[in-house]
Amino acid sequence: MVEFRHKTPLIDQLETGPWTSFVSDIKREHESRMENPKGIDYQFNQDCCDDLLGVLELSYDHGRTHWKHGGIVGVFGYGGGVIGRYCDQPEMFPGVAHFHTMRVNQPMGHFYSTKYLEQLMDLWERRGSGLTNMHGATGDIIFLGTSTPQLEEVFYELTHNINQDLGGSGSNLRTPSDCMGQSMCEFACFDTQEICYQLTMEYQDELHRPAFPYKFKFKFDGCPNCCVASIARSDISFIGTWRDDIRIDQEAVKAYVGGELKSNAGAHASRDWGPFDIQKEVIGLCPTQCMSWDGSKLEINTPECTRCMHCINVMPRALRIGLDTGCSLLLGAKSPILDGAQMATLVVPFIKVEPPYDEIKETVIEPIWDWWMEEGKNRERLGELIKRQGMQKVLEVTGFKAIPQMIQEPRSNPYVFWKEDEVPGGFKRDINEFRKYHQR
Amino acid sequence: MAFISSGYNPDKPMEDRITDIGPRYYEEFYPPVIKKNKGKWLYHEILEPGIVVHVAESGDELYAIRCGGCRLMSVSHIREIMEIADKYSDGYVRWTTRNNIEFMTDSKDKCMALKADVLARKQPGGCYKFPIGGTGASITNIVHTQGWIHCHTPATDASGTVKVTMDTLFDQWENMKLPAKLRVSMACCLNMCGAVHCSDIAILGYHRKPPLVDHEYIDKMCEIPLAIAACPTAAIKPSKIDWNGKKLNTVSVNEERCMFCGNCYTMCPSMPLADTEGDGIVLMAGGKISNRIDAPKFSKVVVAFIPNEMPRWPTMTATIKKMVDTYSANANKYERLGQWAERIGWEKFFEKCELEFTHHLIDDFRDPAYYTWRQTTNFKFT
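Residues numbered from 1 in each chain as written. Chains lettered and ligands numbered in written order. Predicted model: local features only at pLDDT ≥ 70, side-chain atom pairs only at ≥ 80, totals over all residues. Heavy atoms only, no water.

A. Fine view of the interface of chain A and chain B. With 142 residues of chain A in contact, the opposing surface of chain B contributes 140 residues. Summing both partners gives a buried area of about 12,600 Å² for chain A against chain B, and 58% of it is carried by carbon and sulfur. Together, Trp19, His69 and Met184 of chain A form the three largest contributors to the area buried by chain A at its contact with chain B, with a combined 7%. For the interface between chain A and chain B, the tally reads ten salt bridges. With its nearest N and O atoms 3.4 Å apart, the salt bridge here joins Glu45 of chain B to Arg317 of chain A. (Contact = heavy atoms within 4.5 Å. Buried area = accessible area lost by both parts, 1.4 Å probe. Salt bridge = Lys/Arg side-chain N within 4 Å of Asp/Glu carboxyl O.)

Here you go:
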């Protein structure tokens, strides 16, 4: 029987109920470390999991956290990838007195082989707490808790033995992340994994060495369903779309109407919603009313379609995305800190997504970075800079022409900041010449 | 514990240093059926909650089974996942964007054997190690932040609030009975690591007391101008204080202006906000990230404050359950929670969900606030 030093009556109540329990899991790791059947020479405190449970119990008792700010820790030459963390009761919980996090750049799409996972687990069991996050909110594999001397050791082993680098943190390019994309999903309009990987590799310097005013995120959604939430949380949001017709299999449409195929790929199967009604469930819910069904043929008026995905989601075996695919680029999403949340704003309605992605890099990413690095204030996200200096400035620095797709509606005030070169004759005028015709 | 060197030489940090190599190339982790059929998938179908078959143009099939996971995961648990993946899915496994584990098999038989196997695996207290579900019109796993496990700014715990919420909503995880998918997200302070601000239901930790000022230490521990500049409402000013006969540099906080964001604390550890009574939960509702039918939406604050009730937050889970059940009983097929609330009107939403409406719920934060007030006579009596 493995002993637990700390009594944890509060958090023990999180070990019941059907959902999987993180408390039971941390206890399991403690038992594994104390029993140590493989005879591992632990390089970080063997009893750290017990102390972590103790800290957590204390927080459940106090209703307050017991972690301090990160100190400046990291690996040589990198400004990101490690987050320092110290406990504010180190005497009570020496096993987690120093408990730094390392961010490991996840493989795109979060695909793993067990061979690779085993290398990561062997390393982290020996040199860290044996606890991870799979995954952090940005997408990285999170190694949760180790000491300062182990940071370089972990990094050395990661790079030398596992061919694997750290991810981003701080005021730099954060680890880009993507949806499963074309690997498993028929809705994906571009190869999210490939562009995510290639841009991660292209911008390694920006990812590891903070030179930005604040964090900067790329996220890649293969279609407008936005499973990776790029539109809500990335500075450049890549969302797959297409320009041609939705491909229709009329026989499959009839199969949905006839009830042989289940609507929305079976997503509603646990409840009886009555027989499928194409008029009500597809045609009637189409936001642009660009579809019609005459009982034998489904028609879509493509120029009116905004590609919202509803009809495709409902009838995936009858409707497929078009063949002329690419992505839309939207800029400036962020969560509420500091000035309120912002959704990303559409700047490029359509761009092809093809290696080596020069057009995306040269006409969007790099001009935007140049502007933001020049004008952005400390801790100002791109979206806030866009709000402060205006969409006109985005057009100026990228050279894109203003088009109505960029807005929901035109401005309702006429306060246009006309520029001198837009007005014939410019702003320089002669008051004496004016006075010849207009008395004082 | 004897120190074992990896080979790194602290005296010569640049010796043999390898940097900027990025992640491993994803393709080496694709199961063969994905490598072969990537970009050529024809359709997918949810066979039962948690199990999805993907069918390729080639006729190949891929069965994916979705298991809930704690975002916080031990090496031992991951080794168990590896054992399952080796046994049933040729040593491949993936995680979803919402902390679920997906095992991929090439036959339905293997998939069903895997299902029976993992459902029999329980933790000592009876919790499933690998609950199956989270597909289609259901509630999938809650994405969340670190909370009291590992963060310096939380106003509540993350893993614990998620555990009790998923226990409460487990029926909607295991079944696909809702009008549409319902995404719950959790952030333990308003820095909101992750996209909780666009979720059908968001659980948010919030502070309600202005920062304490550790006058004796602030000038030694912090760059005072950075703390002042960090305040979004300009509530912090430089000041001086007499301290044991010495004049010390410090700050003063205009408490009426404080919005409790904790940005000063992020820049300056001498300004902590955490407080037992002050801290607790905000509930938000009606957001989404999908462009389906209408544009993505922000979540709206529907409950301004619920106290932290450790260890199982009963008021919070009961309030969430009431919202989910009311939505489920009233919304149309395909209608997301926010779309339903907008169709019936938010005044009706509060009535039906039996939520008290208080002045805290009327926006008063800067210009966008005006656009959330009602400028029409079209309203419903409740």
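B. View of empty space enclosed by the protein. Residues and elements named next belong to chain A. Taken as a whole and assessed by the stated rule, the structure comprises seven cavities of 30 Å³ or more. Counted as a void, the second largest cavity has a volume near 120 Å³. Lining the second largest cavity are 17 residues, with Cys286, Pro287, Cys305, Cys308 and Cys311 positioned closest to its centre. Per-element tally for the lining of the second largest cavity: the top contributor is helix H10 (residues 310–314), with three residues. Looking at side-chain class alone, the lining of the second largest cavity contains 13 nonpolar, three polar and one charged residues. (1 Å grid on protein atoms, 1.4 Å probe; cavity = no way out; pocket = protein on both sides within 12 Å on 5 of 7 lines; lining within 4 Å. Points joined across faces, edges and corners; volume = space filled by probe spheres on them. Helix = DSSP H or I, 4+ residues; strand = E, 2+ residues; numbered from the N terminus. Nonpolar A, V, L, I, M, F, W, Y, C, P; charged D, E, K, R; others polar.)

C. Representation of the packing of helix H11 (residues 358–375) of chain A against helix H13 (residues 391–398) of chain A within the structure. All names here are of chain A. Running from N to C, H11 and H13 point in directions that differ by 115 degrees, and their axes come no closer than 9 Å. In terms of crossing hand, the pair formed by H11 and H13 is right-handed. For the pair H11 and H13, the contacting residues are Thr363, Pro367, Ile368 and Trp371 in the first and Lys393, Val394, Val397 and Thr398 in the second. In terms of residue class, the contact of H11 with H13 is made up of five nonpolar, two polar and one charged. (Axes fitted to C-alpha atoms, helices over the stretch in contact; angles between N-to-C directions. Left-handed = near helix turned anticlockwise from the far one by under 90°.)

D. Fine view of the domain arrangement of chain A. Residues and elements named next belong to chain A. Split by domain assignment, chain A resolves into domain 1 (9–161), domain 2 (177–243 + 324–422) and domain 3 (247–320). Computed over C-alpha atoms only, the centres of domain 1 and domain 2 are separated by 34 Å. Counting each side, the surface lost to burial between domain 1 and domain 2 is near 990 Å², with a carbon and sulfur contribution of 56%. Considering only the side of domain 1, the residues that lose the most area to domain 2 are Tyr78, Met108 and Phe111, jointly responsible for 47% of the buried surface there. At the surface where domain 1 touches domain 2, the tally comes to zero salt bridges. Where domain 1 meets domain 2, there are seven residue pairs in polar contact (both at pLDDT 80 or more). A breakdown of the residues in the side of domain 1 that touches domain 2 according to their chemical character gives four nonpolar, seven polar and no charged. (Domains from an automatic or database assignment. Polar contact = N/O pair within 3.5 Å; in protein donor to acceptor, adjacent residues only side chain to side chain.)

E. View of the pairing of strand S10 (residues 236–242) of chain A. Residue and element names in this part refer to chain A. Of all the seven residues making up S10, seven are buried; the element is thus mostly covered by neighbouring parts of the structure. A two-sided burial pattern is seen for S10, the buried positions comprising Ile236, Phe238, Gly240 and Trp242 on one face and Ser237, Ile239 and Thr241 on the other. The pairing of strand S9 (residues 218–221) with S10 spans four bridges and is parallel. By the bridge assignment for S10, Asp221 is matched with Ile239. Summarising the sheet, S10 and strand S15 (residues 325–331) pair through seven bridges and their orientation is antiparallel. (Buried < 20%, exposed > 50% of the residue type's maximum accessible area, 1.4 Å probe, protein only. Pairing = 2+ DSSP bridges.)

F. Fine view of the pattern of salt bridges. Evaluated as defined, the whole model comprises 55 salt bridges over all chains. The salt bridge partner of Glu80 of chain B is Arg28 of chain A, with a shortest N-O separation of 2.7 Å. Of the two residues, Glu80 of chain B is situated in helix H2 (residues 75–88) and Arg28 of chain A in helix H1 (residues 22–35); the pairing between them involves two chains. A salt bridge links Lys322 of chain B to Glu354 of chain B, with the shortest nitrogen-to-oxygen separation between them at 3.4 Å. Remark: Glu354 of chain B occurs in the segment after helix H11 (346–352) and Lys322 of chain B occurs in helix H9 (residues 314–330); sequence separation between them is 32 residues. Lys322 of chain B gets classed as partly exposed once you look at its relative accessible area, which sits at 31%. Overall, Glu354 of chain B belongs to the exposed group, its relative accessible area being 62%. Beyond isolated ion pairs, a larger network of salt bridges with shared partners links Arg28 of chain A together with Glu80, Glu83, Lys87, Asp117, Arg121 and Lys129 of chain B.

G. Fine view of the sheet that holds strand S6 (residues 101–105) of chain B. Read across the open sheet, the six strands follow the order S5(A)-S5(B)-S6(B)-S3(B)-S2(B)-S1(B); overall the sheet is antiparallel. With partners counted over all chains shown, the strands left at the sheet margins are strand S5 (111–113) of chain A together with strand S1 (41–48) of chain B, one partner each. The mean inter-strand angle of the sheet, taken between neighbouring strand axes irrespective of direction, is 25 degrees. With five bridges connecting them, strand S2 (residues 51–56) of chain B and strand S3 (residues 61–67) of chain B associate as antiparallel partners. Paired with Ile51 of chain B across the two strands is Ile65 of chain B, which belongs to S3 of chain B. Relative to S3 of chain B, helix H3 (residues 108–119) of chain B is tilted by about 10 degrees, and along the sheet it contacts S1, S2, S3 and S6 of chain B.

H. Up close: the environment of Leu319 of chain A. All names here are of chain A. As for its placement among the helices and strands, Leu319 is situated in strand S14 (residues 319–320). According to the relative accessible area criterion, Leu319 is buried, its value standing at 1%. Residues Leu319 and Asp249 lie 70 residues apart in sequence; the distance between their C-alpha atoms is 6.4 Å. Excluding residues that lie within four positions of it along the chain, Leu319 makes contacts with Ile246, Arg247, Ile248, Met291, Leu298, Ile300, Cys311 and Ile312.

I. Examining the nonpolar core more closely. One finds Phe216, Phe218 and Phe238 of chain A together with Phe103 of chain B to be the most contacted residues of the largest nonpolar core, which totals 95 residues. Residue assignment places this core across two domains, with domain 1 (9–161) and domain 2 (177–243 + 324–422) of chain A each supplying three or more. The contact partners of Phe238 of chain A, leaving out residues within four places of it in the chain, are Phe190, Ile195, Leu199, Phe218, Lys219, Phe220, Asp221, Ser230, Cys327, Ser328, Leu329 and Ile360 of chain A. Residues Phe44, Phe93 and Ile142 of chain A together with Val302 of chain B belong to the second largest nonpolar core, which totals 67 residues. (Core = buried A, V, L, I, M, F, W, Y, C linked by side-chain atoms within 4.5 Å.)

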